[in-house]
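A look at the structure
Okay, here's what each chain looks like letter by letter:
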Amino acid sequence: MNKFVKFGLPALTLALLGAGWWLGLAWAPPDREMGEVQRIMYVHVPLQWMAMMAMFINFVAAVTYLMRQSWKTDAMAEASAEVGLLFGTLGMITGSIWGRPTWGVYWSWDPRLTSEAILLVSYTGYLVLRRFVEDPEKRAVWSAVVAIIGAINLPIVWFSVRWWRSLHQVQSSPKTVDPQMVLPLRVSAFGMLALLIVFMVHRYRIALAERKAEVALPEALPTDDPALRASHSSKVA
Amino acid sequence: MTSLTSLMLLAQVGSGRLQGGWGYVWACYGISVAAFVLYSASLWARRPRATDSKE
Amino acid sequence: MTPVNRNRLIALGALLFAGAGLGFIAFGNIGDNLVYYWSPSELLSNGDKAYTATIRLGGVVQPGSIQWNEGHTTLDFRVADGPNADAKSVHVRSLETPPQMFREKIGVVVEGTYDKSGVFTSNRLMVNHSNEYRAPKEGEEPRKWQDTLAEGATTATATPPGAP
């Protein structure tokens, strides 16, 4: 792990999130109707965006693993699912808190909230499955299948507010949001992205180390280490 | 006192504007930050050891 | 079959399955069976079906229809298909204080029962926010008198109990 990832990225995360949240909490104006409560947007929206991004990375990693077996993509899939679930859960909690003063309820089974709940349950199931399968290769293949099928939740969650009638409003765009609110949202989103990368890097290293420990037995499974692979093939020849 | 609360309710109903609500805002940010700190701690606790001694 | 080819086949199968599932949800008529709320005109045209169970009704609060009885905390208003005065609407009665966002012309979803007298009794009143976020405009305050009233109320909370 190079120095930038180890120290620079966390510092950048703190700076961006700090700046974005300061802008959002102190600098940006309150909303005409929601007042101060609208400031929840600067944490809720970046969380949900990054949860979607992590879960999309999970999908890509799963497909890549099946196409070309590698413990790196399997470790990446594990890392992205866990971090995505963390962000998604926080996104749901903050959204629920936001719902209480604005909608009047913490929860309602509207299409957006329901599909989001299904999404979180499916990624929880994914991680549970990974825990229960002992054999690393079987685990990687089975969980990749679950990841690919579970990924259909992502477009469903995203488009749920457009496809069906819901309590949740449709996506905002810079046209529907005042510039003074767009800026803190952008900065916070980049801060959240940096945090996502920090979490993913560390979680990925943990997963990869676990995989390597699991497959430490020689010739048990294919390896990403070219040196080992070379020695293996020479043995065969 | 009851008349005061009902007066406040009367003032609120139909105004269409949220008054106050900082508590909800702090709850959201507080929960998120707390979760990030806890998750960072869990990553640190699970950090790979010995095998990656090069770094 | 080598494990690599087997995995690729598995990937193809999973992708096809996921794509088919997504297509079914996106383009199938699942939305027709999964309606979160009815519009006032749908409720009115459904006749007897609407009288039975707990349902949700969604629409816009008709301008000028809000009647708030503070003594009994009863709130009467009409939920209409749209903001126009001639839009079809349903009389809603709620026995709770509405969320602060509640106002004329805002989107609402109410949960409750519709009876034959033509009144929808709401157990749960939810306010639907739009995707617009705007700073309060200076100079332009369409509901100025209500704002001042609300501000008066907030100052009153700050004073100790018993004070006028």
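Overview of the structure. Every value quoted in this text rests on a predicted model; they were computed, and no experiment measured them.

About the thresholds
Residues numbered from 1 in each chain as written. Chains lettered and ligands numbered in written order. Predicted model: local features only at pLDDT ≥ 70, side-chain atom pairs only at ≥ 80, totals over all residues. Axes fitted to C-alpha atoms, helices over the stretch in contact; angles between N-to-C directions. Helix = DSSP H or I, 4+ residues; strand = E, 2+ residues; numbered from the N terminus. Parallel < 35°, antiparallel > 145°, perpendicular 65-115°, else oblique. Left-handed = near helix turned anticlockwise from the far one by under 90°. Contact = placed C-beta atoms within 7 Å. Nonpolar A, V, L, I, M, F, W, Y, C, P; charged D, E, K, R; others polar. Buried ≥ 20, exposed ≤ 12 C-beta atoms within 10 Å, placed from the backbone. Pairing = 2+ DSSP bridges.

Focus on the packing of helix α2 (residues 41–67) of chain A against helix α7 (residues 179–214) of chain A
All names here are of chain A.
- Where α2 meets α7, the closest approach of the two axes is 9 Å, and the angle between their N-to-C directions is 45 degrees. As judged from the angle between their axes, α2 and α7 are oblique. Judged by the twist between their axes, the crossing of α2 over α7 is right-handed. On α7, the residues touching M41, Y42, V45, P46, L47, W49, M50, M53 and A54 of α2 are P184, L185, S188, A189, M192, L193 and L196.
- Classifying every residue of the contact of α2 with α7 gives 15 nonpolar, one polar and no charged.

So, helix α6 (residues 153–163) of chain A
- Along α6(A), the positions that sit buried rather than exposed are N153(A), L154(A), I156(A), V157(A) and S160(A).
- Close packing links the buried residues of α6(A) with α2, α4 (111–132) and α5 (136–150) of chain A together with α1 (3–27) of chain C.

Things to note about the interface of chain B and chain A
- Taken residue by residue, the interface counts 24 residues in chain B and 30 residues in chain A.
- Residues of the side of chain B that touches chain A, tallied by class, amount to 13 nonpolar, six polar and five charged.

A look at the interface of chain C and chain A
- Listed per partner, the contact involves 37 residues of chain C and 41 residues of chain A.
- When residues of the side of chain C that touches chain A are traced back to their parent elements, those giving at least two are α1 and β6 (119–128) of chain C.
- Sorting elements by how many residues they give to the side of chain C that touches chain A places α1(C) first, with 13 residues.
- Residues belonging to the side of chain C that touches chain A are distributed by class as follows: 24 nonpolar, nine polar and four charged.

Brief notes about the pairing of strand β1 (residues 55–61) of chain C
All names here are of chain C.
- Taking burial as the measure, the seven residues of β1 include six buried ones, the bulk of the element.
- Inspection of the sheet shows β1 paired to strand β5 (residues 107–114) by six bridges, in the antiparallel sense. When the bridges of β5 are listed, L57 appears paired with V110.
- Pairing of β1 with strand β3 (residues 74–80), which is carried by two bridges, proceeds in the antiparallel orientation. Paired with V60 across the bridge in β3 is A80.

The values reported here are purely geometric and, on their own, carry no functional implication.
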